[in-house]
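Notes for the structure review
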Amino acid sequence: MSQRYWNKKVLLAKIETTYGTDPTPTGAANAILATNVRLSPMEGQDVARELERPFFGADATLPADLHTKLSFRVELAPSGTAGTAPGWAPLIRACGCAQTVSAGTSVTFNPITDNPESATIHFHYDGVRHRLRGSRGTFKIMVEASGIPYLEFEFWGLFEVATDVANPNPTLTAFQDPVVANAANTPVFTIDGVALVLRSFNFDAGAKIEPRFLINSESILLTGREEKVEARVEARLMSVFNPYSRAQTAARMPIVLQHGTAAGRRTTLNVPLAQIQRPGGVEQQQNIAEWPLSFVPQQNAGNDQWTLVLT
């Protein structure tokens, strides 16, 4: 018997032109450099047959609403060239985001409501392939002091029985080396224009993904979005930043986080109207008081509650 080695993994992703139709991603053009991959190949439900019999025993079942879940992390690093989309761009597009490229200057992602794109994802491990057509998902941006910033993705795709397919040879040159989050590499973090000392930051895109299985139609839908922001910062005097008075009035304020300093390697998350929530209890690290703060991004004209800008 020949064992399958889990650490021999290749991940491919490509945006679909027609929903659910495999656009045939290749290792040369569509490989994803990922970490912490988790696969649930056969999600769904077991429908009980509820057979009446004259003796005890477990009821037979039938599988239904089958779909596949795949989650993983990608290092938060731009392409290295301003105005060139990063290798992870198809992933965030399949999470209900638009991509706008300004040649030689920037790549901007923002949420959309209508006609979200979908992707086909091929996940290989040592000669076994799981294919997720019609995939849509959601993501988080996670930044920890002295750690590598990550995009954490979770996708749902239409189920297919796994097949034996040789691992493709991935080309991963579209993925640049990251830099750790620290004072030098993460030069901007402000809430309402106030520069606060940041321990950890989590932006949750909050896309609502629902498998929908009906007769003559099976799809993975993006049906809503509820973003959240969580930040743990050093406490300050109330005269500098008062989270309690702001929460009392449900104040909305801008949040800006920039990571990276060199051209082509800067990532800036802008949340123009972040409504602060009631703060949790005061915490401490190294005997320094810290606040766990949470926010809910709000819309202005619509689909503008945040932008992720690569420059």
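Here we take up the overall build of the protein chain. Looking only at helices and strands, one finds three helices and 21 strands in the protein chain. Overall, the C-alpha framework of the protein chain stretches about 75 × 50 × 40 Å when taken along its three principal axes. Per-residue burial for the protein chain yields a buried fraction of 44% across its 311 residues. Excluding contacts between residues fewer than 6 apart, the proportion of contacts in the protein chain whose partners are at least 24 apart in sequence is 68%. Summed over all atoms, the accessible surface of the protein chain reaches about 15700 Å², with 48% contributed by carbon and sulfur. On the protein chain, the mean spot of the 27 positive side-chain charges and the mean spot of the 29 negative ones are 4 Å from each other.

By the secondary structure assignment, Glu227 is in the loop between strand E15 (217–225) and strand E16 (228–234). A polar side-chain atom of Glu227 sits 2.9 Å from a polar atom in the side chain of Gln305. A polar side-chain atom of Glu227 sits 3.2 Å from a polar atom in the side chain of Trp306. When near neighbours in sequence (up to four residues on either side) are disregarded, Glu227 contacts Pro111, Phe203, Asp204, Ala205, Val296, Pro297, Gln305 and Trp306.

A cluster of nonpolar side chains, namely Met238, Tyr244 and Val282, defines an oily patch on the protein surface of about 270 Å² accessible area. Within the secondary structure, Tyr244 sits in helix H3 (residues 243–248).

We now examine the pattern of salt bridges. The full count for this structure, using the stated rule, is 15 salt bridges. Linking Arg232 and Glu290 is a salt bridge whose minimum nitrogen-to-oxygen distance equals 2.6 Å. On the criterion of sequence distance, the pair formed by Arg232 in strand E16 and Glu290 in strand E20 (residues 288–297) is long-range, its members being 58 residues apart. We note that Arg232, like Glu290, is buried. Counted as one network, the salt bridges with shared partners bring together Asp22, Arg131, Arg133 and Glu160.

For the rest of this paragraph, the subject is the pairing of strand E17 (residues 252–259). Both strand E11 (residues 188–191) and E17 contribute to a ladder of four bridges, which runs antiparallel. Bridged to Phe189 within E17 is Leu257. Across seven bridges, E17 lies against strand E18 (residues 267–276) in antiparallel orientation. If you follow Gln258 over to E18, its bridge partner there is Thr268.

Looking at the element boundaries, Thr163 is found in strand E10 (residues 163–164). Along the chain, Thr163 and His124 lie 39 residues apart, while their C-alpha atoms are 9.6 Å from each other. Look past the residues within four positions of Thr163 in its chain and what remains in contact with it is Gly127, Val128 and Arg129.

Another aspect to go through is the packing of aromatic side chains. In this description, an aromatic ring pair is defined by two values, namely the gap between the centres and the angle between the planes. Under the counting rule described, the total for this entry stands at 14 aromatic pairs. The interplanar angle of 40° and the centroid separation of 6.3 Å between the aromatic rings of Phe241 and Trp291 together place this pair among those described as tilted. Within this pair, whereas Phe241 is found in the loop between E16 and H3, its partner Trp291 is found in strand E20, the two being separated by 50 residues in sequence. When sorted by exposure, Phe241 lands in the same class as Trp291, which is buried. When the centroid spacing of 6.3 Å and the interplanar angle of 80° are considered together, the rings of Tyr244 and Trp291 count as edge-to-face. Taken together, the residues Tyr244 in helix H3 and Trp291 in strand E20 connect sequence positions 47 residues apart. Taken together, the aromatic side chains of Phe72, Phe139, Phe153, Phe155, Phe203 and Trp306 make up a single cluster linked through ring pairs. Its guanidinium or amino end placed over the ring of Tyr150, Arg73 lies 5.4 Å from that ring's centre, counting from NZ or CZ.

Reading the values: rules and limits
Residues numbered from 1 in each chain as written. Predicted model: local features only at pLDDT ≥ 70, side-chain atom pairs only at ≥ 80, totals over all residues. Heavy atoms only, no water. Helix = DSSP H or I, 4+ residues; strand = E, 2+ residues; numbered from the N terminus. Buried < 20%, exposed > 50% of the residue type's maximum accessible area, 1.4 Å probe, protein only. Contact = heavy atoms within 4.5 Å. Areas by Shrake-Rupley, 256 points an atom, 1.4 Å probe, with all protein chains shown as cover. Lys, Arg positive; Asp, Glu negative; His and termini not counted. Charge placed at Lys NZ, Arg CZ, Asp CG, Glu CD. Polar contact = N/O pair within 3.5 Å; in protein donor to acceptor, adjacent residues only side chain to side chain. Patch = residues over 30% accessible without salt bridge, like charges linked within 9 Å, V, L, I, M, F, W, Y side chains within 5 Å. Salt bridge = Lys/Arg side-chain N within 4 Å of Asp/Glu carboxyl O. Pairing = 2+ DSSP bridges. Phe/Tyr/Trp six-rings, centres within 6.5 Å; stacked < 30°, edge-to-face > 60°. Lys NZ or Arg CZ within 6 Å of the ring centre and 35° of its normal.

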